[in-house]
Amino acid sequence: MIRANLLPRPKETLSFFGLRFDSEYAREAVAALGLSVLVASIGFSLETLRIVHLEGDVAEQERAVDVRSIEREAAKAVALETARYERIDRDAHIYRSSGNAIAVQIARIGNRIPSDVRLDTIEHAETGFTINGDARSIAAIGNAMTAIAGVPDIRRADLVSIDADRSSADSAAFTANLLSSPEVL
Amino acid sequence: MSDDLSSSVIRMIRASAAALAIACASLVYFSNEPKVSALSTRLAETSTVLRSDDIIFSTIGRLRAQRDFFRRRYARMLRRDVEGSFLRDLDANVRRHKTDVISTTAQRDTAEGFAGTTDTGLRHIDLTLELRGRYRNLLSTIANLSTGNQIVDVLSVSLRRTDSGLIARVPIRLFEEEPAR
């Protein structure tokens, strides 16, 4: 006759600090802790490897940057000097035509003045020119103003004054402002 | 009943274990992230410097040639004795166009004897010339003032008729290279 004990095996327990735990739960908990430590260790190792690799790359590139520093400074100096000369060159082209530009402007004005009008001064001002002169009649001054207004570089010719009350009765002095075109200024 | 409770506790322990593992992995990742980010940024910066170096070094020959060309061109025009050189050219200019130099006045606002410095690092001397001559000759002289061996900016011109003839007052600006310190 076979006799079998069909009663469930009594659970093994572990006791910590007076508390009793089922040993199966304790095994699960230890396994869980172990898994966590393993995951953390693998993660830490991978991260450390990544950082070491990056640090190596950075160090290598910084060495390359340092090696080229003298050459880079020299190149920067050349580039700055060339840029400066380019600006000087641009300015110089404008300056070299400045004398001719003003002479041509004055010539254009002078060439339009009728023969019965005499210019005493042509003054170059910030906005254009101021002219003074005299003529035998006011009509001649009017003709001169009309003629000057047709000069290509002159945007406007404004008469400032006419003084006909002079010792010589047959002449009238005048002053006019000539506004240059913006592109000429 | 007792088996159900047991399996629930085990499931809970396993879920907690999974959560703990994720938390540990996250902790490791996020604690290193600032360092990794800083290193990656540095790496990107050095790569940019090296790439720009490559571009600069590939064009440096052309830049040097261009600089040397400008240096040669302006060495004579911006030399230190620009004033003397200008006066010699002015003399030739007025002789050629039959005009006279009545006066030249220099404006020197600085202790070193020049009027100012441009933003391109050139020093300038401001001179006012008074010339006398015939209308056509004066205009020819003025037109040639800025085309000599110096960089000259003719700032303005005033013509005035006097008893002694037609007089042109011409303020000009002469440029010279600032001496190397």
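Reading the values: rules and limits
- Residues numbered from 1 in each chain as written.
- Chains lettered and ligands numbered in written order.
- Predicted model: local features only at pLDDT ≥ 70, side-chain atom pairs only at ≥ 80, totals over all residues.
- Helix = DSSP H or I, 4+ residues; strand = E, 2+ residues; numbered from the N terminus.
- Contact = placed C-beta atoms within 7 Å.
- Buried ≥ 20, exposed ≤ 12 C-beta atoms within 10 Å, placed from the backbone.
- Expected span 1.5 Å × (residues − 1).
- Arc of directions from axis to C-beta.
- pLDDT = per-residue confidence, 0-100.
- Pairing = 2+ DSSP bridges.
- Nonpolar A, V, L, I, M, F, W, Y, C, P; charged D, E, K, R; others polar.
- Core = buried A, V, L, I, M, F, W, Y, C linked by C-beta atoms within 7 Å.
- Axes fitted to C-alpha atoms, helices over the stretch in contact; angles between N-to-C directions.
- Parallel < 35°, antiparallel > 145°, perpendicular 65-115°, else oblique.
- Left-handed = near helix turned anticlockwise from the far one by under 90°.

Q: Before we go on, may I ask you to explain the overall build of chain B in this structure?
A: Assigned secondary structure in chain B consists of three helices and six strands. Along chain B, helices and strands appear, N-terminal first, in the series α-α-β-β-β-α-β-β-β. The long-range fraction of contacts in chain B, counting pairs at least 24 apart against all pairs at least 6 apart in sequence, stands at 64%.

Q: Can you walk me through the overall build of chain A in this structure?
A: Along the backbone of chain A there are four helices and six strands. Each helix and strand of chain A, ordered N terminal to C terminal, gives the series β-β-α-α-α-β-β-α-β-β. Counting every position in chain A, which comprises 185 residues, the buried fraction comes to 18%. The contacts of chain A with a sequence gap of at least 6 include a subset with a gap of at least 24, amounting to 51%.

Q: What is the right way to read helix α3 (residues 98-112) of chain A from this model?
A: Residues spaced three or four apart along an α-helix point in a common direction, a consequence of the helix completing one turn every 3.6 residues. Residues and elements named next belong to chain A. Counted at 1.5 Å a residue, the expected span for α3 with its 15 residues is 21 Å, and the 22 Å between its end C-alpha atoms agrees. Buried within α3 are the following residues: Ser98, Gly99, Ile102, Ala103, Gln105, Ile106 and Ile109. Taken end-on, α3 shows its buried residues confined to a sector of 160 degrees, consistent with a single buried face.

Q: Help me understand the confidence of the model for chain B, please; the structure alone is not making it clear to me.
A: The predicted structure's coordinates, where accompanied by low pLDDT, should not be read in detail. For chain B, the average pLDDT comes to 87, and 94% of its residues sit at 70 or higher. Interface scoring of the predicted complex returns ipTM 0.73; its pTM is 0.69.

Q: Could you clarify how one ought to interpret the pairing of strand β6 (residues 172-180) of chain A in this entry?
A: Along any regular strand, the residues point their side chains to alternate faces of the sheet. When strand β4 (residues 128-135) of chain A meets β6 of chain A, the two strands line up antiparallel, connected through eight bridges. Residue pairing for β6 of chain A: threonine 130 of chain A is matched across the bridge by asparagine 177 of chain A.

Q: Please explain the pairing of strand β2 (residues 19-22) of chain A as it appears in this structure.
A: Residues and elements named next belong to chain A. Across four bridges, strand β1 (residues 13-16) lies against β2 in antiparallel orientation. Among the inter-strand pairings, serine 15 is bridged to a residue of β2, identified as arginine 20. In sequence, β1 turns back onto β2 through a hairpin of two residues, with phenylalanine 17 there showing a positive phi of about 45 degrees.

Q: Explain the interface of chain A and chain B to me, please; I cannot follow it from the model alone.
A: For an interface, size is often stated in terms of accessible area lost upon the parts coming together. Each partner contributes residues to the interface: chain A has 51 residues there, and chain B has 54 residues. Those elements giving two or more residues to the side of chain A that touches chain B turn out to be α1 (23-67), α2 (69-96), α3 and β3 (117-124) of chain A. A total of 21 residues in the side of chain A that touches chain B trace back to one element, the largest contributor, which is α1 of chain A. Considered class by class, the residues forming the side of chain A that touches chain B number 24 nonpolar, ten polar and 17 charged.

Q: What am I meant to see in the environment of alanine 143 of chain B here?
A: In this structure, alanine 143 of chain B sits in helix α3 (residues 135-145). Spatially, the C-alpha atoms of alanine 143 of chain B and valine 154 of chain B are 9.0 Å apart, while their sequence positions differ by eleven residues.

Q: Looking at this structure, how should I read the environment of glutamine 61 of chain A?
A: Position of glutamine 61 of chain A relative to the elements: it lies in helix α1. Sequence-distant contacts of glutamine 61 of chain A, defined by excluding residues within four places in its chain, comprise Leu43, Thr46, Ser47 and Leu50 of chain B.

Q: What is the right way to read the nonpolar core from this model?
A: Inside soluble globular proteins, nonpolar side chains tend to come together where they are buried. Counting residues in each nonpolar core, the largest one holds 49 residues, and the members touching the most others are Ile142 and Val170 of chain B. Considering each element in turn, this core owes the most residues, six residues, to strand β6 (residues 165-177) of chain B. Isoleucine 142 of chain B has contacts with Gly99, Ile102 and Ala103 of chain A together with Val154, Val157, Ala168 and Val170 of chain B, leaving out every residue within four places of it along the chain.

Q: How should the packing of α3 of chain A against α3 of chain B be read in this particular structure?
A: For any two helices packed against each other, the geometry is given by the interaxial angle and the distance between the axes. It is at 6 Å that the axes of α3 of chain A and α3 of chain B come closest, and there the two elements cross at 155 degrees. Looking at the two axes, α3 of chain A sits roughly antiparallel to α3 of chain B. Where α3 of chain A crosses over α3 of chain B, the handedness of that crossing is left-handed. In contact with Gly99, Asn100, Ile102, Ala103, Ile106, Ala107 and Gly110 of chain A of α3 of chain A, α3 of chain B contributes Tyr135, Leu139, Ile142, Ala143, Asn144 and Leu145 of chain B. Per-class residue counts for the contact of α3 of chain A with α3 of chain B are nine nonpolar, four polar and no charged.

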